[in-house]
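# Examining the three-dimensional arrangement
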Amino acid sequence: MKSRSLMPSTRRRAIGAGLSALIGLGAALALGAPAVAAGTTYVALGDSYSSGTGTRTYISDGTSCQRSVYAYPSLDASALGLSLNFRACSGATVADVTNTQLSALSSTTAYVTISVGGNDAGFASVLTTCAQPSWLSNCNGAIDTAQSTINNTIPGRLATLYSSIRAKAPNARVIVVGYPRIFNGEDCNALTWFSPTEESRLNATADLLNSKTATAASNAGFTFVNPTSKFVGHAVCDSVEWLNGLSSPVSESYHPNVAGHRDGYAVLTKPAFGLALKLSAAQAEAKAVASADRLARDARRYAAVDRTITPERFVAPDLTTPAARAAAARAGVDLSSRASIDAADRLYNARQDAARR
């Protein structure tokens, strides 16, 4: 006859609950995921692709960070019922994130999103260079420099940054967000001179940055969200653009617009949180819009350090400058003739492409 346990039922239940908790923790560790804090605190870190530059509507927080209620962090927080600390800022580099944004993290932070690296690679200056006629600029040289930085410098910077994020937010689920391809192979803007080859190389540079970022994220145990495929068919000059081309004001250029955040980034990032949706997309957008005053009030606490970040500076091609006139004279370009400007652009593009081979 088997002996029956003499352990009180309450004690058996307590031990059983403890074993269940240990088993659950072991499963989480086996999956390589940090134990996520049972909370709703969400900190959005990063640059203009997270702050919402390009959406044309920004909270009034006393900075040039261009934080928007239409950006994916605001939409995600609203849809998932999270409390957002919106630290992403236009122009931020890895060093800026480290120096001005990581103080928002703590052991109680449950979720973190971050996009960064584009400014370290010279995103704005490369696009500004490549938008000019090739007789006035060296797009290939600018891209080569950016790719060298992405290959040789940015991985180390990201590894150090990600280590700091994990140290400051040990219980957080961290979601690293990449960059889309901006171009579709054509240039429909009368004021820019991107060639198909230049657009292809610029897209390849975005792919390269995503690849290096994904590797660094994986090494840190973070989740990487790649927007490349989602934005196909919605690049600059596509019939439904999710990315702005050269814009007015020029600071809006080459960034996701409202649709790009709502239908692109937010759709991609929400599942990475591992949470059930509490609101539909339309309801979340309405809630996000209503949160503008609160987000601005919270962000003003950091305004002094945010103002140390240098905003991205795009410059529209200007063929009236002394430098442009001098370059035109050397190239034999008649600046009063668009046909002359374009013909020289094609000629110099061909020469530069040949030199690369």
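Above this text sits the structure in question.
Structure report, in brief. Since the structure is predicted, the reported quantities are computational estimates derived from the model, not experimental observations. (Residues numbered from 1 in each chain as written. Predicted model: local features only at pLDDT ≥ 70, side-chain atom pairs only at ≥ 80, totals over all residues. Heavy atoms only, no water.)

## A look at the side chain of Ser 134
To be explicit about the condition: Runs of H or I in DSSP of at least four residues are treated as helices and runs of E of at least two as strands, each being numbered from the N terminus. Working definition: with a 1.4 Å probe on protein chains only, accessible area under 20% of the residue-type maximum means buried, over 50% means exposed, and in between means partly exposed. We call two N or O atoms a polar contact when they sit within 3.5 Å, provided that within protein one can donate a hydrogen and the other can accept it, with sequence-adjacent residues counted only if both atoms are side-chain atoms. Every residue pair with non-hydrogen atoms within 4.5 Å of one another is taken to be in contact.
Relative to the helices and strands, Ser 134 is located in the loop between α5 (123-130) and α6 (139-152). Taking relative accessible area as the criterion, Ser 134 reaches 2% and is therefore assigned buried. One polar contact links the side chain of Ser 134 to the main-chain amide nitrogen of Asn 349, over a distance of 3.1 Å. With sequence-adjacent residues up to four places away left out, Ser 134 is seen in contact with Ala 344, Asp 345, Tyr 348, Asn 349 and Gln 352.

## Notes on the sheet that holds strand β2 (residues 83-86)
How we decide: When DSSP finds two or more bridges between a pair of strands, those strands are recorded as paired. Geometry is summarised by axes, namely lines fitted to C-alpha atoms with helices restricted to the contacting stretch, and by angles between N-to-C directions that run from 0 to 180 degrees.
Across the sheet, 5 strands lie side by side as β2-β1-β3-β4-β5; this open sheet has parallel pairing. Edge positions in the sheet fall to β2 and β5 (223-225), since each has one partner strand and no second. Going across the sheet, the axis of each strand differs from the next one's by a mean of 20°, ignoring polarity. Sheet topology note: the strand β3 (residues 111-115)/strand β4 (residues 173-177) ladder contains 4 bridges and is parallel.

## Some details on the pattern of salt bridges
Our working definition: Throughout this description, the term salt bridge denotes a Lys or Arg side-chain nitrogen within 4 Å of a carboxyl oxygen of Asp or Glu.
Counted by the stated rule, this structure contains 9 salt bridges. Note that Arg 67 and Asp 61 form a salt bridge whose closest N and O atoms lie 2.7 Å from each other. Asp 61 matches Arg 67 in its accessibility class, with the two residues each being buried. A salt bridge links Asp 342 to Arg 338; the nearest nitrogen and oxygen atoms lie 2.8 Å apart. In this pair, Asp 342 and Arg 338 are both assigned in helix α14 (residues 338-356), 4 residues apart and thus about one turn of the helix distant. For Arg 338, a relative accessible area of 37% puts it in the partly exposed group. Several salt bridges share partner residues, and in doing so they unite Asp 61, Arg 67, Arg 87 and Asp 306 into one network.

## Topic: the state of the cysteines
Rules: Only a pair of cysteine sulfur atoms within 2.5 Å counts as a disulfide in this structure description.
Under the definition given, this model contains 3 disulfides. Residue pairing for Cys 130: its cysteine sulfur links by disulfide to Cys 139, the two sulfurs lying 2.0 Å apart. Taking the sign of the S-S torsion, about 90° here, the bridge from Cys 130 to Cys 139 comes out right-handed. With relative accessibility at 0%, the residue Cys 130 sits in the buried group.

## Some details on the packing of α5 against α6
Quick note on the threshold: Any angle that is under 35 degrees is reported as roughly parallel, and any over 145 degrees as roughly antiparallel; angles of 65 to 115 degrees are reported as roughly perpendicular and all others as oblique. With the far helix as reference, a near helix turned anticlockwise by less than a right angle produces a left-handed crossing, and one turned clockwise produces a right-handed crossing. Amino acids outside the nonpolar list (Ala, Val, Leu, Ile, Met, Phe, Trp, Tyr, Cys, Pro) and the charged list (Asp, Glu, Lys, Arg) are all regarded as polar, and Gly is one of them.
Running from N to C, α5 and α6 cross one another at 160°; their axes reach a closest spacing of 8 Å. Judged on the interaxial angle alone, α6 and α5 are roughly antiparallel. For α5 against α6, the interelement crossing comes out left-handed. Contacts between α5 and α6 involve Val 126, Thr 129 and Cys 130 from the first element and Cys 139, Ala 142, Ile 143 and Ala 146 from the second. A class-by-class count of the residues in the contact of α5 with α6 yields 6 nonpolar, 1 polar and no charged.

## Thoughts on the environment of Gln 101
As for its position among the elements, Gln 101 is in helix α4 (residues 94-101). Residue Gln 101 is classed as buried on the basis of its relative accessible area of 0%. Between the alpha carbons of Gln 101 and Cys 89 there is a distance of 9.0 Å; along the sequence they are 12 residues apart. Leaving out residues up to four positions away in the same chain, Gln 101 has contacts with Leu 45, Gly 46, Arg 87, Ala 88, Cys 89, Ala 92 and Asp 96. Here the side chain of Gln 101 touches Arg 87 through a polar contact of 3.3 Å, landing on its backbone oxygen.

## Re the environment of Gln 283
Inspection of the secondary structure assignment puts Gln 283 in helix α10 (residues 281-290). Residue Gln 283 is classed as partly exposed on the basis of its relative accessible area, which comes to 44%. For the pair Gln 283 and Ala 79, spaced 204 residues apart in sequence, the C-alpha separation works out to 7.6 Å.

## Thoughts on the packing of α6 against helix α8 (residues 196-220)
α8 packs onto α6 with a crossing angle of 10° between their chain directions and a minimal axis gap of 10 Å. The orientation of α6 relative to α8 falls into the category roughly parallel. Across the interface between the two elements, Cys 139, Asn 140, Ile 143, Asp 144, Ala 146, Gln 147, Ile 150 and Asn 151 from α6 touch Glu 198, Arg 201, Leu 202, Thr 205, Leu 208, Leu 209 and Lys 212 from α8. Looking at the contact of α6 with α8, its residues break down into 7 nonpolar, 4 polar and 4 charged.

## So, α8
Threshold: Expected span of a helix, by definition, is 1.5 Å for each gap between consecutive residues, and there is one gap fewer than residues.
A rise of 1.5 Å per residue sets the reference length of α8, with its 25 residues, at 36 Å; its end C-alpha atoms lie 36 Å apart and thus fit the reference within 8%. Within α8 the residues assigned to the buried category are Glu 198, Glu 199, Arg 201, Leu 202, Asn 203, Thr 205, Ala 206, Leu 209, Asn 210, Thr 213, Ala 216 and Ala 217. Where the residues of α8 are buried, they touch α5, α6, α7 (154-168), β4, β5 and α14. Residue Gly 221 follows α8 closely and has a positive phi angle near 80°.

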